[in-house]
Amino acid sequence: MADDYVRRTAITRLEVTDEQRDLLEETISEWKRGCQLATDMAWGKYNAKSDVQPLAYDDVREHTDLGSQHAILATHQAAQAITGCIERKAKDKKVSKPTFTAPTVKYDTRTMTVFDDDTVSLSTTESRVRCDLALPDADDGYQRQYLGSDNWSVTESTLTARNGGYFLHIGFRRPKTDTERNTAEDGTVLGVDLGIENLAVTSTASFFSGRELTHDLHEFEKVRAGLQQTGTRSAHRTLERSSGRELRYVRDVLHRASNAIVSEALGYECDVIAFEDLTNIRDRTGASWGHKWAFRTLYEQVEYKAEAEGISVKQVGSAYTSKRCAECGFTADENRPTRTDFRCVKCESEANADYNAAKNIGMRYVRRGQQSSQRTGDSQLALKSGTVTPSGGFTAYPDGFEAEFMDKPHPQNAEGV
């Protein structure tokens, strides 16, 4: 089962010859055609891999130059895309039949082999190509902890063409240790709220500003729109360079934010980091597409960094977390007089709105543990000045932590999240 494994991805550029480049380009082109063909056949009929594969496999083989295993993978990719549309439609989202335009192609252990000499063999529409992995000179490059390791094995990977180069996103997995598999879901929980004004806010009152990121994302989007409207070859090249700079900048911002969140969890000895469900975060926050991608990337970075420290990362339902008072449980639209302020009209507690939401998110995960028959319900939420349980029990930290009004127990705190 997937839950029995820890998964990682190592991104590595490939060094290719002109002949290999042509073969990879042709394979990417045929992959997109195969996925589209399978989708066209299954759309409105099937979405399970076990149904799409027998329906579309023969046609994909006949009408594309994909090998047999890549034809199978293309039907699976179509099934996955259709399933995603069905899930979005169930949430009252407008959906249309998927189209495959991204310059990518999937590989598995039958179509790709990674060798100990830092080369990789990839199936193409013709013969296999064997390319060098452009790895960092330093032996401690992050890819090295997976490549050649007896603990990690290669799984499904993705080849992507970008900015004139080819990048292999190599998937790795290893079985969870007994400790990881049996890590108690109970323990101390750090709640995290994501947003526009503040990229992230924790239940321990750490704020990671999103203003600079928001400004720069908007600037990037304006430049991108202008270049796309120009439509010249020169504008296209400029767009590629701009996109590369944007990606590097945003990833650096998210890298620093994810490090800070994990450090916060370690500093408060947390066992779990709880985020809100990211599924509809764009609608809830009014985020741009760039923000939605940034939220997802931040979550993934925190996930793998936290897991390396033995900290679980979870998502919980986001309904009403922004309008519910973390002190007394009263929920109302009127509790949010402004985007940044929270003022409970019932108990009159006041707080930063994102901070209030972070505590609601963390406490919702704590309460979920109490409702499980397989857990003891001993979880507690980490705050700046101490920890609090669902029943309102508050334990202050040792000297050196400054208490806040919103961190203090409230007589109506047990009304529920």
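Please refer to the structure placed before this passage.
Here's a quick rundown of the structure.

Calculation rules
- Residues numbered from 1 in each chain as written.
- Predicted model: local features only at pLDDT ≥ 70, side-chain atom pairs only at ≥ 80, totals over all residues.
- Heavy atoms only, no water.
- Salt bridge = Lys/Arg side-chain N within 4 Å of Asp/Glu carboxyl O.
- Helix = DSSP H or I, 4+ residues; strand = E, 2+ residues; numbered from the N terminus.
- Buried < 20%, exposed > 50% of the residue type's maximum accessible area, 1.4 Å probe, protein only.
- Core = buried A, V, L, I, M, F, W, Y, C linked by side-chain atoms within 4.5 Å.
- Contact = heavy atoms within 4.5 Å.
- Phe/Tyr/Trp six-rings, centres within 6.5 Å; stacked < 30°, edge-to-face > 60°.
- Lys NZ or Arg CZ within 6 Å of the ring centre and 35° of its normal.
- Polar contact = N/O pair within 3.5 Å; in protein donor to acceptor, adjacent residues only side chain to side chain.

**Points about the pattern of salt bridges**
One side chain can pair with another of opposite charge once the charged atoms of both are near each other. As enumerated under the stated definition, the model contains 6 salt bridges in all. Here glutamate 30 makes a salt bridge to arginine 33, at a shortest N to O gap of 3.0 Å. Here arginine 33 and glutamate 30 lie together in helix 1 (residues 18–42), a separation of 3 residues that amounts to about one turn. Residue class for glutamate 30 comes out buried when judged on its relative accessible area of 5%. The class of arginine 33 is partly exposed, set by a relative accessible area of 41%. Arginine 130 is paired through a salt bridge with aspartate 117; the nearest N and O atoms lie 3.2 Å apart.

**Describing the nonpolar core**
Ranked by internal contacts, the top residues of the largest apolar core, which has 40 residues, are Leu14, Leu24, Val120, Leu122, Leu159 and Tyr166. The element that contributes the greatest number of residues to this core is helix 1, accounting for 7 residues. Excluding residues within four positions of it along the chain, leucine 14 makes contact with Val120, Leu122, Asp132, Leu133, Leu159, Tyr166 and Leu168. Counting residues in each nonpolar core, the second largest holds 29 residues, with Leu254, Val262, Val302 and Ala382 among its members.

**As for the packing of aromatic side chains**
Going through the model one piece at a time under the given rule, you end up with 4 aromatic pairs. Summarising the aromatic geometry, the rings of phenylalanine 275 and tyrosine 299 are spaced 5.1 Å apart at their centres and angled 80 degrees between planes, so their arrangement reads as edge-to-face. With phenylalanine 275 in strand 11 (residues 272–276) and tyrosine 299 in helix 8 (residues 289–308), this residue pair connects regions lying 24 residues apart in the sequence. Of the two residues, phenylalanine 275 and tyrosine 299, both sit in the buried class. A cation over an aromatic ring shows up here: arginine 130 above the ring of phenylalanine 115, its NZ or CZ 3.7 Å from the ring centre.

**Looking at the environment of leucine 24**
Its place among the elements puts leucine 24 in helix 1. When the C-alpha positions of leucine 24 and glutamate 126 are compared, they lie 9.7 Å apart, and in sequence the two are 102 residues distant. Setting aside anything within four residues of it in sequence, one finds leucine 24 in contact with Val16, Tyr107, Leu122, Thr124, Val129, Leu159 and Tyr166.

**A short note on the side chain of serine 203**
With respect to the helices, strands and loops of the structure, serine 203 is situated in the loop between strand 9 (198–202) and strand 10 (207–209). Within the structure, the side chain of serine 203 is placed 2.6 Å from the backbone oxygen of alanine 382, a separation counted as a polar contact. Residues in contact with serine 203, not counting those within four places in the same chain, are Val189, Leu190, Gly191, Tyr355, Ala358, Lys359, Leu381, Ala382, Leu383 and Lys384.

Functional significance is not addressed by these values, which are geometric in nature.
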